[in-house]
Amino acid sequence: MPEEIIRPLAVDGVRYSYRVLPRAHPGEPPATEPTLILGGALQGMFGWPQMDDHLSPATDVITADLPGMGSADPLPPGPSAELLRRAVLGIADDIGAPRLNIFGFSYGTAIAFGFARRHRERVARLALGGVPVHVDAVQVAGWERARQQLAAGDREGFAATAADALICLDPERPVHRRELARRYVRRSFLHVATHSPHVTDSLYRALADRPDFSGGLTGVPALVFAGEHDTVTSPARQREFAATIEGSRFLTIEESDHWVILERADEVAALVSRFLTGREPVADEADAVTLPRQAGAPAGRT
């Protein structure tokens with residue numbers, strides 16, 4: 001596999017970086033535009049091996065530590081949405097790509113959607129998963145409790161509270177690899193809490209900067225997907241959001257929750273890579289996903 005490239009950038013004096021994994025077959029024309037992956041508030045550029053495996057044969061894969069994430073500088077005071085959009089634009093300009101595919105997950109969906117609304121001419125295709133369209137008071141209270149634990153130095157308590165806030169713990173709802181995902185997320189949050197110098201600020205900003213998913217979108221092919229037991233934002237609300245994107249497709253993935261990218265990692269990677277390369281889901285994916293329908297289409301029409 002080709003060696004990855006990491007490049008530093010800055011926006012308004014805030015330093016950040018991105019990583020490029022060049023496509024595995026450089027002598028062949030790419031099957032699609034370069035693909036930028038934007039993850040959750042505490043996710044960095046090295047957490048996407050399954051997407052590397054599925055996408056690198058077809059195109060360059062780009063991941064990033066945007067401002068406030070991973071190794072990047074903390075976000076400055078005030079609203080951050082515009083600065084993060086310009087950080088994404090900086091990546092697109094730096095690699096010289098007229099257009100990018102963008103895959104946003106969880107917190108990263110707000111950045112991806114906001115960028116697509118502002119710079120739709122730079123987006124070839126848009127995939128969004130686990131969209132936090134509506135976060136209720138119970139969720140906010142849980143995250144505030146996690147933030148207070150972290151501020152008090154209780155890293156173990158923070159990791160447990162934060163992980164449990166994102167996982168469906170109802171035993172009546174089947175979730176594939178639930179406990180494995182739960183342990184992984186706890187370890188990941190504990191690692192970030194131990195090694196990131198500004199994790200408390202990042203978490204506070206994720207709570208305070210409520211994402212804006214209003215306004216709709218036209219002119220960009222889009223896919224939205226949700227775990228069927230997502231307890232952060234219900235699949236029904238995510239479907240309503242998908243219907244605001246003209247011509248979008250929506251689907252749910254069975255036996256999964258908000259952490260569908262861990263519980264159904266191969267299925268999600270295959271689904272997203274097929275969408276971004278212009279292919280339809282194949283028969284052996286049917287057991288893992290509900291095949292997409294045109295958003296807002298009457299039941300029975302695909």
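Every residue gets a number counted from 1 within its own chain, in the order that chain's sequence is written. Only residues with pLDDT of at least 70 are given local features in this predicted model, and only at 80 or more are side-chain atom pairs given and counted; all residues enter the totals for whole chains, interfaces and linings. Hydrogens and water molecules were not included; the side-chain quantities draw on all heavy atoms of the structure.

The helix and strand tally for the protein chain stands at 10 helices and 9 strands. Each residue's exposure class comes from its accessible area (1.4 Å probe, protein chains only) as a fraction of the maximum for that residue type: buried when under 20%, exposed when over 50%, partly exposed otherwise. In the protein chain, which comprises 302 residues, the share counted as buried stands at 53%. Contacts are assigned to residue pairs with any non-hydrogen atoms lying within 4.5 Å of each other. Long-range pairs, those at least 24 residues apart, make up 72% of the contacts in the protein chain between residues at least 6 apart in sequence. The protein chains shown are the only cover counted for residues, whose accessible areas, like all others here, come from Shrake-Rupley with a 1.4 Å probe. Looking at the protein chain as shown, the accessible area adds up to about 13400 Å², and 52% of this sits on carbon and sulfur atoms. Numbered from the N terminus, helices here are DSSP runs of H or I no shorter than four residues, and strands are runs of E no shorter than two.

The end-to-end C-alpha distance of helix 2 (residues 81–95) is 22 Å, a good match for the 21 Å that 15 residues give at a rise of 1.5 Å each. Within the sequence span of helix 2, burial applies to Leu83, Leu84, Arg85, Ala87, Val88, Leu89, Ile91 and Ala92. Where helix 2 is buried, its residues contact strand 1 (5–11), strand 2 (14–21), strand 3 (35–38), strand 4 (61–65), strand 5 (100–105) and helix 3 (107–118). Phi turns positive, to about 75°, at glycine 96, one or two residues after helix 2. Helix span, as expected, comes to 1.5 Å for every residue beyond the first.

Quick look at the nonpolar core now. In this description, a nonpolar core means a group of buried Ala, Val, Leu, Ile, Met, Phe, Trp, Tyr and Cys residues linked to one another through side-chain atoms lying within 4.5 Å. One finds Leu66, Ile91, Leu126 and Leu128 to be the most contacted residues of the largest nonpolar core, which totals 45 residues. In this structure leucine 126 touches Ile102, Ala112, Ala116, Leu217, Val220, Pro221, Ala222, Leu223 and Phe275, once residues within four positions along its chain are discounted.

Within the secondary structure, histidine 119 is located in the loop between helix 3 and strand 6 (123–129). Residues histidine 119 and arginine 85 lie 34 residues apart in sequence; the distance between their C-alpha atoms is 9.0 Å.

Fitting a line to C-alpha atoms yields each axis, with helices limited to the stretch in contact; the angle taken between N-to-C directions then spans 0 to 180 degrees. Axis separation between helix 2 and helix 3 bottoms out at 9 Å; the angle between their running directions is 75°. Here helix 2 lies roughly perpendicular to helix 3, going by the angle between them. Only Tyr107, Ile111, Gly114, Phe115 and Arg118 of helix 3 make contact with helix 2, whose side of the interface consists of Glu82, Leu84, Arg85, Val88 and Leu89. In this count, Pro and Cys sit with the nonpolar residues alongside Ala, Val, Leu, Ile, Met, Phe, Trp and Tyr, while Asp, Glu, Lys and Arg are called charged and the others, Gly among them, polar. Tallied by class, residues from the contact of helix 2 with helix 3 come to 6 nonpolar, 1 polar and 3 charged. Here the word oblique covers every angle except those under 35 degrees (roughly parallel), over 145 (roughly antiparallel) and from 65 to 115 (roughly perpendicular).

In contact at an axis separation of 8 Å, helix 5 (residues 155–165) and helix 6 (residues 178–195) are set at 135° when each is read in the N-to-C sense. With respect to each other, helix 5 and helix 6 are oriented oblique. Between helix 5 and helix 6 lies a crossing of right-handed hand. Along its contact with helix 5, which presents Arg155, Glu156, Phe158, Ala159, Ala160, Ala162, Ala163 and Asp164, the element helix 6 presents Arg182, Val185, Arg186, Phe189, Leu190, Ala193 and Thr194. A clockwise turn of the near helix away from the far one marks a right-handed crossing, whereas an anticlockwise turn of less than a right angle marks a left-handed crossing.

Another aspect to go through is the pairing of strand 6. In terms of residue burial, strand 6 counts as a mostly covered element, since 6 of its 7 residues are buried. By this definition, two strands are paired if DSSP reports at least two bridges between them. In this structure, strand 5 lies alongside strand 6, joined through 6 bridges in parallel fashion. Its bridge partner being in strand 6, asparagine 101 is matched across the sheet by arginine 125. Viewed with both strands pointing away, a crossover whose connecting path from the first strand over the helix to the second turns clockwise is right-handed. Note on the crossover from strand 5 through helix 3 to strand 6: the handedness is right-handed. For strand 6 and strand 7 (residues 222–227), the ladder comprises 4 bridges, and the chain directions are parallel. What sits directly across from leucine 128, in strand 7, is valine 224.

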